[in-house]
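Survey of secondary and tertiary structure
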Amino acid sequence: MGAQQSDRVGIIGGGSAAEALAAELAGMFDVIVFESDLVGGECPFVACMPSKTMLHDGRVGHSWNDAVEHRRQVTDGLSDERHVEGLRSNGIELVRARASVVDVDTIEADGERYHVDHIVLATGASAVVPSIDGIDDDRGERLDGVWTSEDVYRATIQPDRVVILGAGVIGLETADMFRHFGTDVVVVDPIDRSLATAPPVLGDIVAGALTSRGIDLRWGTEATALRPAERREGQRDQVVVELSDGTSIAADRVVVAVGRTPNTHDLGLESIGIDPDEPLPVDDHGRLRVDGSIWAIGDVAGRGEYTHLASHHALVVADRLRAGAGAGAGSRRFDDVVLSSCMFTTPPFIQVGPSWSELDGDDDVVSVGVDLSSIPRWSTDRLGDGHLWVAARRSTREVIAAAGVGPSFDEIVHAIVVAIDGRVPVARLRHSMQPFPTIGEILGPAWNELHQRLSEAPPNE
């Protein structure tokens, strides 16, 4: 049955995806958002915004205390008042309570039931806390001194030494942030190199930059046990991390950064035939493959964990719901734009489209790599190491992917996104003109070399 003007949309979760969807639907649908925690989600309060604030302030030489104060200002002192007002100004109803699905058209929150025509899950994801011996105390609570990234970006006291479990984006950004302020940092990961899905040269550059600043990277090992350190007079409480290589490390704090998992439990999903222990059965339009009009956006959809991706999901689902109401084509898809991401270490890492490892072995793909030293700005600014990898399909002669590490690459990424989304032929890209002397000039030799490789490799039949 098509949606009607007065259809009611219930959004469970009030993070960035929910805010974007509510804004898109305002005025056409009766929208109600259920959120028991901070409206706005993690990004503005304990993730993206505070982490980039601390990374910036550490990089430019501010003190820890000054950076913490700046973080407080950026995060509005962990007040979500602006976000709440944003919903209300759009006529969105907010229910400050945990919600669960009763059936395909009923949501329950704080003992009250709400009839809705469409249900949207926007509950986000949470840090995975691994099963390591000793990570929980005798009461079953997390051992004192063990943090997730959320704890990191609420902290006001700077630790002297941290051990970070996991060398993904969150782990390496957190390591870089702490080291900028002078904290001793050890990163532990069972993989054998940094950025394992990217060209090895990129991982080498990132690892080299981090180790040059004094970060201890321990590859090929993992934590096997945690225990409180024996207390010494005048010393902070510490945690001892025992590693699989037989060594151990004592630190003020242990930061768990081994991944995140969608928040699917305690939502009543069993009532609509969904196993919360399994990935949600989400199609490319955001709709769950179950009875009723039930959708998922953002981290909980299991398609990636980025704020910009969550906002895109919201646009896609809004497009579908409007189409059901006779007010749109309903042609948007989760995968109708290229996915891009940045890791804001110094230097930053970018990824656009499929990774190097995903494309490895595809005979239709050709790729090239260009060093940052090939452009004039490298010598004028003493930029250090940098490298850009780009890939195209022989069958289409269009760019499909890129990855790179280098100063300001988090800004030139936009040009690559536009090139891929616009399906611009490499032959056309090579004629584009970049201002001199800028870091963006690296795109010139990248497109030229890619064009040359394509010329040498005729299209697949």
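Here, every reference points to the structure presented above.
Scope of this entry: the structure provided in the associated data block. (Residues numbered from 1 in each chain as written. Predicted model: local features only at pLDDT ≥ 70, side-chain atom pairs only at ≥ 80, totals over all residues. Heavy atoms only, no water.)

1. Some points on the overall build of the protein chain
- Helix and strand counts for the protein chain stand at 14 helices and 23 strands.
- A globule of 461 residues ought to have a C-alpha radius of gyration of about 23 Å, and the protein chain, at 24 Å, matches this closely.
- Seen along its three principal axes, the alpha-carbon backbone of the protein chain occupies a region of about 70 × 60 × 40 Å.
- In the protein chain, buried positions account for 49% of the 461 residues.
- Look at the contacts in the protein chain between residues 6 or more apart in sequence, and 64% of them connect residues 24 or more apart.
- Counting only carbon and sulfur atoms, one obtains 46% of the accessible surface of the protein chain, whose full area is about 20,900 Å².
- The centroid of the 40 positive side-chain charges in the protein chain is displaced by 4 Å from the centroid of its 73 negative side-chain charges. (Helix = DSSP H or I, 4+ residues; strand = E, 2+ residues; numbered from the N terminus. Rg over C-alpha atoms; globule rule 2.2 N^0.38 Å. Buried < 20%, exposed > 50% of the residue type's maximum accessible area, 1.4 Å probe, protein only. Contact = heavy atoms within 4.5 Å. Areas by Shrake-Rupley, 256 points an atom, 1.4 Å probe, with all protein chains shown as cover. Lys, Arg positive; Asp, Glu negative; His and termini not counted. Charge placed at Lys NZ, Arg CZ, Asp CG, Glu CD.)

2. Re the sheet that holds strand β13 (residues 223-228)
- Taken in spatial order, the three strands of this open sheet run β13-β14-β15, and their pairing is antiparallel. Each having just a single partner strand, β13 and β15 (248-251) make up the two edges of the open sheet. Recorded for the sheet is a direction-independent mean angle of 20° between the axes of neighbouring strands.
- As defined by bridge partners, strand β14 (residues 239-243) adjoins β15 across four bridges and the pair is classed as antiparallel. Looking at β15, one finds that valine 241 is bridged to isoleucine 249. (Pairing = 2+ DSSP bridges. Axes fitted to C-alpha atoms, helices over the stretch in contact; angles between N-to-C directions.)

3. A word on the packing of aromatic side chains
- Under the defined criterion, the tally for this structure stands at three aromatic pairs.
- Summarising the aromatic geometry, the rings of phenylalanine 34 and tyrosine 114 are spaced 5.1 Å apart at their centres and angled 75° between planes, so their arrangement reads as edge-to-face. Here the residue phenylalanine 34 occupies a position in strand β2 (residues 30-34), and tyrosine 114 occupies one in strand β6 (residues 112-115), the gap between them amounting to 80 residues.
- On the basis of relative accessibility, which here comes to 9%, the residue tyrosine 114 falls in the buried class.
- A ring pair is formed by tryptophan 64 and phenylalanine 181, whose centres lie 5.4 Å apart and whose planes are at 85°; its orientation type is edge-to-face. Separated by 117 residues along the polypeptide, tryptophan 64 in helix α4 (residues 64-74) and phenylalanine 181 in the loop between α7 (169-180) and β11 (184-189) bring together distant segments of the chain.
- Judged by its relative accessible area of 6%, tryptophan 64 falls in the buried class.
- Here phenylalanine 181 falls in the buried class, since its relative accessible area comes to 12%. (Phe/Tyr/Trp six-rings, centres within 6.5 Å; stacked < 30°, edge-to-face > 60°.)

4. Regarding the environment of tryptophan 219
- Note on placement: tryptophan 219 falls in strand β12 (residues 216-219).
- The spacing of tryptophan 219 and alanine 167 is 52 residues in sequence and 8.9 Å in space, taken between C-alpha atoms.
- Once residues within four sequence positions are removed from consideration, tryptophan 219 is found in contact with Ala167, Asp189, Ile191, Asp192, Arg193 and Ser194.

5. Describing the nonpolar core
- Ranked by internal contacts, the top residues of the largest apolar core, which has 52 residues, are Ile11, Ile12, Leu21, Phe34, Leu121, Leu280 and Leu288.
- At six residues, the largest contribution of residues to this core is made by helix α9 (residues 307-324).
- Those residues in contact with isoleucine 11, other than ones at most four positions away along the chain, are Ala18, Leu21, Ala22, Val31, Ile32, Val33, Phe34, Val120 and Ala122.
- Ala175, Leu202, Ile215 and Trp389 belong to the second-largest nonpolar core, a separate cluster that totals 40 residues. (Core = buried A, V, L, I, M, F, W, Y, C linked by side-chain atoms within 4.5 Å.)

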